[in-house]
Amino acid sequence: MKAFAARLQRNRWTWSFAGAFLVWLITVVSAEGRGAGATLSAALGFAAFYVMAGMGQMLVVAAGPGNIDLSIPAVMTLAGYLAIGAMHGDPSMLWLGIIIVLAVGGLVGLINVALIKIARVPPMVATLSAGFIMQSITIAYSKTTTAKPPAILMQFALGRIVGIPWIAIVLILAAAILGLVMSRSVFGRDLLAVGQSERAAYLAGIPTRRITTIVYVASSLLAAVTGLLLAAYSGGAALDMSSDFLLMSIAVVVIGGTSITGGRVSAAGIWGGSLFLYLISTMLNVLGLGAGVRYALTGAIIIAVLALSEDRASV
């Protein structure tokens, strides 16, 4: 029994999948068994967006206490608007949309790093401030465009094979690759060392500033790509399309088993946390409860996870 408990402690991400299954089961029972497969398919499709943004947030959080990226929702919306507007529904302009997305993500990531490492602004303040600037640019730009995404992009975002969304398949593979990178590569080991103690990592010869730069740029790039695909999934960019992601990008990371104080990650757990949170929304909708209850419940879950964490003394 002790060995089993110790294994569960090491593999905390399994709890997020168990929670997702339980919530799905409650939803199916509440709906009297109707739409069980459709609910799961929809959960895989939309949770993939949480996973994509969450992978970037996980890398940032892994860099140690205080590291967090609050610019993710603003980057998503700006990248979605600019890319969709540039393509204007023309599949032959897909390359331009991709370049714009990568440019937005890379630039915002570098701005965040400059504010944190050069201007010495705390990460929370730096990324939130950058997000406000991106949001202002998006609001100004949104008044000049009503473009729709190219059909090929919508087909990818909405397409399914045997009921499983294409985007979910891609993100399952991406999460598996990220898990291998974090556990087997030099970069992964260096990042976890920085997360455990940046000072000790620096004295050990690890390029801590380069590691920080990589994770913040990666987070912004993933957020930008998420914004483009979410705009395609929704049929067009909207100012409120990423409003949930400020909370959710953090929640899926914490619920999935990544330590909020850095030094321990769980790429697989991001999928469990994403499915869990999406299915909670579905369950509350089936039960007739509103968005306010969903946010309150999500906040309570995050607090409970942190309270039960062995790292809580250092949070």
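Residues numbered from 1 in each chain as written. Predicted model: local features only at pLDDT ≥ 70, side-chain atom pairs only at ≥ 80, totals over all residues. Heavy atoms only, no water.

A. Quick look at the overall build of the chain. On a plain count of helices and strands, the chain comes out with 14 helices and 2 strands. With the C-alpha coordinates of the chain rotated into their principal frame, the extents come out at 55 × 50 × 35 Å. Across the 315 residues that make up the chain, the buried fraction comes to 49%. For the chain, long-range pairs separated by at least 24 residues make up 78% of all intrachain contacts whose partners lie at least 6 apart in sequence. Carbon and sulfur atoms form 70% of the exposed surface of the chain, whose accessible area is close to 14400 Å². (Helix = DSSP H or I, 4+ residues; strand = E, 2+ residues; numbered from the N terminus. Buried < 20%, exposed > 50% of the residue type's maximum accessible area, 1.4 Å probe, protein only. Contact = heavy atoms within 4.5 Å. Areas by Shrake-Rupley, 256 points an atom, 1.4 Å probe, with all protein chains shown as cover.)

B. Up close: the nonpolar core. Among the nonpolar cores identified, the biggest contains 80 residues, and Met58, Leu171, Leu191, Trp271 and Phe276 are the most heavily contacted of them. In terms of residue count, the dominant contributor to this core is helix 3 (residues 36-61) (14 residues). Setting aside residues up to four positions removed in sequence, methionine 58 forms contacts with Leu178, Met182, Val253, Thr258, Val265, Ser266, Ala267 and Ile270. (Core = buried A, V, L, I, M, F, W, Y, C linked by side-chain atoms within 4.5 Å.)

C. Examining helix 11 (residues 208-234) more closely. Compared with an ideal rise of 1.5 Å per residue, which puts 27 residues at 39 Å, helix 11 spans 39 Å between its outermost C-alpha atoms and is within 8% of the ideal. Looking one or two residues beyond helix 11, the residue adopting positive phi is glycine 235, at roughly 85 degrees. (Expected span 1.5 Å × (residues − 1).)

D. Examining unusual backbone geometry more closely. At histidine 88, a position not held by glycine, the phi torsion is positive, near 50 degrees. Turning to its location among the elements, histidine 88 is positioned in the loop between helix 4 (72-87) and helix 5 (94-118). Residues other than glycine seldom take positive phi values, yet arginine 120 does so here, at roughly 60 degrees. Within the element layout of this structure, arginine 120 appears in the loop between helix 5 and helix 6 (123-142). Note on arginine 120: relative accessible area 62%, which makes it exposed.

E. Structural context of the environment of leucine 22. Summarising the element assignment, leucine 22 is placed in helix 2 (residues 13-30). The spatial distance from the C-alpha of leucine 22 to the C-alpha of leucine 279 is 9.5 Å, given a sequence separation of 257 residues.

F. Local environment of the side chain of threonine 127. Counting through the fold element by element, threonine 127 comes out in helix 6. A polar contact of 3.5 Å, which involves the side chain of threonine 127, links it to the backbone oxygen of isoleucine 68. A polar side-chain atom of threonine 127 sits 2.8 Å from the main-chain carbonyl oxygen of proline 123. If we skip the residues at most four places from it in the chain, threonine 127 touches Ile68, Asp69, Leu70, Ser71, Asn112 and Tyr216. (Polar contact = N/O pair within 3.5 Å; in protein donor to acceptor, adjacent residues only side chain to side chain.)

G. Seen up close, the packing of helix 3 against helix 12 (residues 245-255). Packing of helix 3 against helix 12 leaves a shortest axis separation of 8 Å and a crossing angle of 70 degrees. Of the possible angle classes, the one that applies to helix 3 and helix 12 is roughly perpendicular. Along its contact with helix 3, which presents Phe49, Tyr50, Ala53, Gly54, Gln57 and Met58, the element helix 12 presents Phe245, Met248, Ser249, Ile250, Val252 and Val253. Considered class by class, the residues forming the contact of helix 3 with helix 12 number 9 nonpolar, 3 polar and no charged. (Axes fitted to C-alpha atoms, helices over the stretch in contact; angles between N-to-C directions. Parallel < 35°, antiparallel > 145°, perpendicular 65-115°, else oblique. Nonpolar A, V, L, I, M, F, W, Y, C, P; charged D, E, K, R; others polar.)

H. How the structure looks around the confidence of the model for the chain. Of all residues in the chain, 92% have pLDDT values of 70 or greater, and the mean over the chain is 87. Long-range and interchain partners of residues 311-315, a stretch whose pLDDT sits below 50, account for 9 contacts in this model, where long-range means more than four residues apart. (pLDDT = per-residue confidence, 0-100.)

I. Structural view of a nonpolar patch on the surface. A cluster of nonpolar side chains, Phe156, Ile161, Val162, Ile164, Trp166 and Val170, forms an exposed patch at the surface whose accessible area comes to about 520 Å². In this structure, tryptophan 166 sits in helix 8 (residues 166-184). Taking relative accessible area as the criterion, tryptophan 166 reaches 39% and is therefore assigned partly exposed. (Patch = residues over 30% accessible without salt bridge, like charges linked within 9 Å, V, L, I, M, F, W, Y side chains within 5 Å. Salt bridge = Lys/Arg side-chain N within 4 Å of Asp/Glu carboxyl O.)

J. Molecular detail of the environment of lysine 148. Along the polypeptide, lysine 148 turns up in the loop between helix 6 and helix 7 (151-158). Put simply, lysine 148 and isoleucine 118 are 30 residues apart on the chain and 39 Å apart in space, counted from C-alpha to C-alpha.

K. Geometry of the side chain of threonine 226. Here threonine 226 is to be found in helix 11. Separated by 2.6 Å, the side chain of threonine 226 and the backbone oxygen of leucine 222 make a polar contact. Excluding its chain neighbours within four sequence positions, the residues that come into contact with threonine 226 are Phe49, Met52, Ala53, Met76 and Phe245.

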